[in-house]
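As a plain string of letters, each chain reads:
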Amino acid sequence: MNYEIEREIRMAKGRNNDYCVEMYESILRLENLEQCRLFFQDLCSMTELTAMEQRYTVAKMLYEGRVYTEIGNETHASSATISRVNRMLNYGENALREVFDKEKEEKEKEG
């Protein structure tokens, strides 16, 4: 693994500070989608929300096996963003993969 990937992973893991725990616990207390949406609108700027939503969409598309050019065309994400999301999807904490796996299982049960 190269230095840049290791640095990004260390930075992501380092965000697990005590002062952040309270925010994540607050998120877990939200009761529905509308409360969650409003919480993030209060907490984040539109630019921050748009960036997070774009990264989530990019991660999901990568998980589905879609190619960079298709992802870039559909989401307007830069190749650098797509690459960064791909690194975290492959070398991160696996939380996104777990969410996508659960969603896939739920859809398979429904269909």
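Our structure is the block above this text.
Remember, predicted model here, so these are calculated numbers, not experimental data. Every residue gets a number counted from 1 within its own chain, in the order that chain's sequence is written. Two thresholds apply to this predicted model, a pLDDT of at least 70 for residue-level local features and 80 or more for giving and counting side-chain atom pairs, whereas whole-chain, interface and lining totals are computed over all residues. Excluding hydrogens and water, the side-chain values take into account all heavy atoms of the structure.

Participant: What am I meant to see in unusual backbone geometry here?
Facilitator: Both trends apply: most residues other than glycine have a negative phi, and most peptide bonds are in trans. With phi around 65 degrees, histidine 76 is a residue other than glycine that occupies positive phi space. Summarising the element assignment, histidine 76 is placed in the loop between α5 (68–75) and α6 (79–91). One non-glycine residue with positive phi stands out, namely asparagine 94, at about 70 degrees. Strands are runs of DSSP state E lasting at least 2 residues, helices are runs of H or I lasting at least 4, and numbering of each runs from the N terminus. Structurally, the position occupied by asparagine 94 is in the loop between α6 and α7 (95–110).

Participant: Which parts of the structure should I look at to understand the nonpolar core?
Facilitator: Burial of nonpolar side chains together is a common tendency in soluble globular proteins. For our purposes a nonpolar core is just a set of buried Ala, Val, Leu, Ile, Met, Phe, Trp, Tyr and Cys residues, chained together by side-chain atoms within 4.5 Å. Buried residues are those whose accessible area, probed at 1.4 Å on protein chains only, stays under 20% of the maximum for their type, while exposed residues exceed 50% and partly exposed ones sit between those limits. Of all hydrophobic cores here, the largest spans ten residues; its members are Val58, Ala59, Met61, Leu62, Ile71, Ala77, Ile82, Val85, Leu89 and Phe100. Contributing elements (two or more residues each) for this core: α4 (46–63) and α6. For this core, the leading source of residues is α4, giving four residues. Throughout, a contact is declared for two residues whenever any of their heavy atoms are within 4.5 Å. Apart from residues lying up to four places away in sequence, alanine 77 is in contact with Gln54, Val58, Gly72 and Ile82.

Participant: Hey, could you run me through the packing of α4 against α6 in this one?
Facilitator: How two helices pack is summed up by the angle between their axes together with the distance between the axes. Direction vectors running N to C along α4 and α6 enclose 65 degrees, while the axes themselves pass 9 Å from each other. Regarding α4 and α6, the two cross each other, and that crossing is right-handed. Packed against α4, whose contacting residues are Gln54, Arg55, Val58, Ala59, Leu62 and Tyr63, the element α6 presents Thr81, Ile82, Arg84, Val85, Asn86 and Leu89 at the interface. Think of it as three bins: nonpolar holds Ala, Val, Leu, Ile, Met, Phe, Trp, Tyr, Cys and Pro, charged holds Asp, Glu, Lys and Arg, and polar takes everything else, Gly as well. Looking at side-chain class alone, the contact of α4 with α6 contains seven nonpolar, three polar and two charged residues. Only the contacting stretch of a helix is used when fitting its axis, a line to C-alpha atoms as for every element, and angles between N-to-C directions run 0 to 180 degrees. Should the near helix be turned counterclockwise from the far one by less than a right angle, the crossing is left-handed, whereas a clockwise turn marks it as right-handed.

Participant: Honestly, α4 in this entry has me stumped. Any pointers?
Facilitator: In an α-helix, one full turn covers 3.6 residues, which means residues spaced three or four apart are oriented alike. For a helix, the expected span equals 1.5 Å multiplied by the residue count minus one. Between the first and last C-alpha of α4 there are 25 Å, a value that for 18 residues agrees with the 26 Å anticipated at 1.5 Å per step. Residues of α4 that are buried sit in contact with α3 (33–43), α5, α6 and α7. Looking at the residues trailing α4, positive phi occurs at glycine 65, about 90 degrees.

Participant: What is the right way to look at the packing of α4 against α7 in this model?
Facilitator: Between α4 and α7, the shortest axis-to-axis distance is 11 Å and the interhelical angle comes to 65 degrees. Along this stretch, α4 crosses α7, giving a crossing that reads as right-handed. Counting all contacts with α4, which are made through Tyr56, Ala59, Lys60 and Tyr63, the residues of α7 involved are Leu96, Arg97, Val99, Phe100, Asp101, Glu103, Lys104 and Lys107. Split by residue class, the contact of α4 with α7 holds six nonpolar, no polar and six charged.

Participant: It is not clear to me how the pattern of salt bridges should be interpreted in this structure. Could you clarify?
Facilitator: Once the charged atoms of two side chains with opposite charge are near each other, the side chains can pair. Salt-bridge detection follows one rule: a side-chain nitrogen of Lys or Arg within 4 Å of a carboxyl oxygen of Asp or Glu. Under the defined criterion, the tally for this structure stands at six salt bridges. Glutamate 70 is the salt-bridge partner of arginine 66, the closest N and O atoms lying 2.9 Å from each other. Using a relative accessible area of 34% as the deciding quantity, one classes glutamate 70 as partly exposed. Among the ionic pairs, lysine 107 bridges to glutamate 103, the shortest N-O distance being 3.5 Å. Taken together, the positions of lysine 107 and glutamate 103, both in helix α7 and four residues apart, correspond to about one turn of that helix. Judged by its relative accessible area of 52%, lysine 107 is exposed. Residue class for glutamate 103 comes out partly exposed when judged on its relative accessible area of 23%. Shared partners join several salt bridges into a network, and the residues in it are Glu64, Arg66, Glu70 and Glu74.

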